[in-house]
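# Structural features, examined
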Amino acid sequence: MDLSSYFTSKRGGDSSFSVEAPKIKFGPGSLTEIGSDAKILGMRRVAVFTDRRIGKLAPVHTVTQALQKAGIDLATFDETEIEPTDRSFKAATVFAKEGKFDGFVSVGGGSVMDTAKAANLYSTFPDDFLAYVNAPIGKAKSVPGTLKPHIACPTTFGTASECTGIAVFDLLERMSKTGIVSPRLRPSLGILDPTTLATLPKEILAANGFDVFSHSVESITARPFTHRPAPPSPSERPLSQGANPYSDINCLAAIRLIGDNLLDAVNTRKERYFRPLMFAGMLAGIGFGNAGCHLPHGMSYAVSGLVKDYQPTGWPTDHPLVPHGISVIVNSPAVFRYTADACPERHMIAATAIGANTEGAPLKAAGTLLADRVIDMMRQTGMPNGLAGVGYSEEDLDGLTEKAFPQKRLLDNAPLTISRNQLKALFQGAMTYW
Ligand SMILES: NC(=O)c1ccc[n+]([C@@H]2O[C@H](COP(=O)([O-])OP(=O)(O)OC[C@H]3O[C@@H](n4cnc5c(N)ncnc54)[C@H](O)[C@@H]3O)[C@@H](O)[C@H]2O)c1
Ligand SMILES: [Fe+2]
């Protein structure tokens, strides 16, 4: 099928897209090189961010040893909250200000990398907390200058936070997930060492894999960049540009890697699966960093923000939480059934790539084939059965809809326009799958 036929021109639509590529090092053992990388970036006194669990594991040990061997002074912050909040971003900022650091290193999942980004921002350019936060919740002020160098070392593979200029957090007073977005938040270097995944519980492996899968399918099926209004000036072209020929390549490759490796990785946890999964996460990260996600991610902020008492196995149990990958994948099948009408070829390509049997199937079956394959993979990896599986019921449909509808940036990136009622119907369709 021809992917380029999607990019039809539209009156007033954009005719160019830009590619922001992160600086990445990838490979088993790559973390041992961090001392030299930090020196090249001019670091002499480093803030090492991690969380309490990873702080006790090999990757943090490897990183701190390598930094010290290179003669770099350091202090460690391990109080990162999992799925961070404004409270933990502020605590990390106090640490960053007091330590007088000239560089940042984060070793952990999205929670840790995002916390390091925020601490770097607020300690370098102090302001009211809401100043840099996305509108309409915050003032979306531009980051005024270059931040201190930051080396991000993921120990998960879903978020691709090492590739993005995004820091996500829960604003406690609003029970709402939001974020800070600026190309200046993008780490100076991401070091991806697949051996770090060896200690990941299987539930987190699965949630990460589905996050990567959804990043990729959302990017491929996003509205084409040619249908987004042309920016008033080149500097105003958004990071979420819509589907484009560059992100198509990365994201399609990522879907295949997830289809080929995720089930075996979760069910055997054998090391040979970690490299392709981490590579898939990176490819998808670069892809969605330029294309942008749409409905499953837009809906996920409501699913995680309104959490009741769900406490998943594999994550810390000090508070209820719907982890990011789970809050996304519970929506994806319902969404893809619906969005397939707008671009059935792309949904069919995604269904084939993730391993559905699509031979001879008519295009109108694309959404169902894709959704059914995802549902089958969710069942085989112990994911919750839709929204009901994470504690929601029909009574919550209005609340979820109200919370997700303002996620304009993500909703507008969908391949079709979505009304409040349609959004509610999507949540309803995501309630149970089997
Ligand atoms: N910045 C972005 O672009 C972006 C994109 C998507 C999601 N996010 C955010 O990232 C966060 C989720 O990040 P995540 O899914 O990477 O997980 P996480 O950082 O929240 O970690 C989940 C759990 O896994 C543990 N863990 C991490 N690596 C481990 C390892 N190798 N071995 C054993 N345990 C390990 C952590 O200690 C934690 O308990 C959310 O806050 C989400 O909103 C950010
Ligand atoms: Fe995600």
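Okay, the overall build of the protein chain next. When its secondary structure is counted, the protein chain shows 16 helices and eight strands. For 434 residues, the compact-globule estimate of 2.2 N^0.38 gives 22 Å, and the protein chain sits close to it at 20 Å. With respect to the three principal axes, the spread of C-alpha positions in the protein chain is 60 × 50 × 45 Å. By residue count, 54% of the 434 residues in the protein chain fall in the buried class.

With respect to spatial proximity, 32 residues lie near ligand 1, and among them Arg-53, Gly-109, Gly-110, Ser-111 and Thr-156 are the closest. Of all elements in the fold, only helix H4 (110–124), strand S6 (166–171), helix H5 (202–221) and helix H9 (324–329) reach the threshold of two or more residues within the shell around ligand 1. At four residues, the largest contribution of residues to the shell around ligand 1 is made by H4. Broken down by class, the residue content of the shell around ligand 1 amounts to 13 nonpolar, 15 polar and four charged. Both domain 1 (29–192) and domain 2 (202–429) contribute no fewer than three residues apiece to the shell around ligand 1.

Our next topic: the packing of H5 against helix H6 (residues 245–268). Across the interface, H5 lies against H6 with an axial gap of 9 Å and an inter-helix angle of 155°. Relative to H6, H5 is oriented roughly antiparallel. Two packed elements cross with a definite hand, and for H5 against H6 that hand is left-handed. When H5 is examined against H6, the residues Lys-202, Leu-205, Ala-206, Gly-209, Val-212, Phe-213, Ser-216, Val-217, Ser-219 and Ile-220 are found in contact with a partner set consisting of Ser-247, Asp-248, Cys-251, Leu-252, Ala-254, Ile-255, Ile-258, Leu-262, Ala-265 and Val-266. A class-by-class count of the residues in the contact of H5 with H6 yields 14 nonpolar, four polar and two charged.

This brings us to the sheet that holds strand S1 (residues 24–26). In spatial order, the strands read S1-S8-S5-S4-S2-S3; together these six strands make up an open sheet with parallel pairing. Each having just a single partner strand, S1 and strand S3 (73–77) make up the two edges of the open sheet. Averaged over neighbouring strand pairs, the angle between their axes works out to 15° when direction is ignored. Where strand S4 (residues 103–108) and strand S5 (residues 150–154) come together, five bridges link them in parallel fashion. Its bridge partner lying in S5, Val-107 is registered against Cys-153.

This paragraph deals with the nonpolar core. Formed by 129 residues in total, the largest nonpolar core has its most connected members in Val-46 and Ile-255. A domain-level breakdown of this core finds at least three residues from each of domain 1 (29–192) and domain 2 (202–429). Setting aside residues up to four positions removed in sequence, Ile-255 forms contacts with Phe-213, Ser-216, Val-217, Ala-350, Ala-353 and Ile-354.

Moving on, we get to the environment of Arg-420. You can see Arg-420 is positioned in helix H16 (residues 420–429). Each C-alpha atom of the pair Arg-420 and Glu-402 lies 8.1 Å from the other, and the pair is 18 residues apart in sequence. With near-sequence residues (within four places) excluded, Arg-420 lies in contact with Thr-401 and Phe-405.

Now for the domain arrangement of the protein chain. Looking at the protein chain, the domain boundaries give domain 1 (29–192) and domain 2 (202–429). Computed from C-alpha coordinates alone, the two centres of domain 1 and domain 2 are separated by 25 Å. On the domain 2 side, the residues contacting the 17 residues of domain 1 number 25 residues. It is strand S7 (residues 176–181) that provides the largest number of residues to the side of domain 1 that touches domain 2, a total of three residues. For the side of domain 1 that touches domain 2, the class distribution of residues is seven nonpolar, seven polar and three charged.

Bringing the packing of H6 against helix H11 (residues 344–354) into the picture now. Two elements in contact, H6 and H11, have axes separated by 7 Å at closest approach and are oriented at 35°. Residues Leu-252, Ile-255, Arg-256, Ile-258 and Gly-259 of H6 form the contact with H11, whose own contacting residues are Ile-349, Ala-350, Ala-353 and Ile-354.

Here the focus is helix H2 (residues 58–69). Between its terminal C-alpha atoms H2 stretches 16 Å, which fits the 16 Å expected from 12 residues at 1.5 Å a residue. For H2, the set of buried residues is Pro-59, Val-60, Val-63, Thr-64 and Leu-67. Seen end-on, H2 carries its buried residues on one side only, within an arc spanning 125°. For H2, the elements touching its buried residues are helix H1 (34–40), strand S2 (45–49), S3, S4 and S5. Just past H2, the residue Gly-71 takes up positive phi, approximately 80°.

On to the pairing of S5. Walk down a regular strand and you will see the side chains alternate between the two sheet faces. With five of five residues buried, S5 lies mostly within the body of the structure. Neither face of S5 is exposed, since His-150, Ala-152 and Pro-154 on one face and Ile-151 and Cys-153 on the opposite face are all buried. With H4 bridging S4 and the parallel S5, this β-α-β connection has right-handed handedness. Note that S5 and strand S8 (residues 189–192) share two bridges and pair parallel. Counted as the bridge partner of Ala-152 is Gly-190 from S8.

Let us now look at unusual backbone geometry. Here the amide bond leading from Ala-135 into Pro-136 is cis, since omega sits at 5°, within 30 degrees of zero. Mapped onto the elements, Pro-136 comes out in the loop between H4 and S5. For Lys-100, which is not a glycine, the phi torsion comes out positive at approximately 45°. Residue position: Lys-100 is located in the loop between helix H3 (86–98) and S4.

What counts, and where the lines are drawn
Residues numbered from 1 in each chain as written. Chains lettered and ligands numbered in written order. Predicted model: local features only at pLDDT ≥ 70, side-chain atom pairs only at ≥ 80, totals over all residues. Helix = DSSP H or I, 4+ residues; strand = E, 2+ residues; numbered from the N terminus. Rg over C-alpha atoms; globule rule 2.2 N^0.38 Å. Buried ≥ 20, exposed ≤ 12 C-beta atoms within 10 Å, placed from the backbone. Near = placed C-beta within 6 Å. Nonpolar A, V, L, I, M, F, W, Y, C, P; charged D, E, K, R; others polar. Domains from an automatic or database assignment. Axes fitted to C-alpha atoms, helices over the stretch in contact; angles between N-to-C directions. Parallel < 35°, antiparallel > 145°, perpendicular 65-115°, else oblique. Left-handed = near helix turned anticlockwise from the far one by under 90°. Contact = placed C-beta atoms within 7 Å. Pairing = 2+ DSSP bridges. Core = buried A, V, L, I, M, F, W, Y, C linked by C-beta atoms within 7 Å. Expected span 1.5 Å × (residues − 1). Arc of directions from axis to C-beta. Right-handed = clockwise from strand over helix to strand, strands pointing away.

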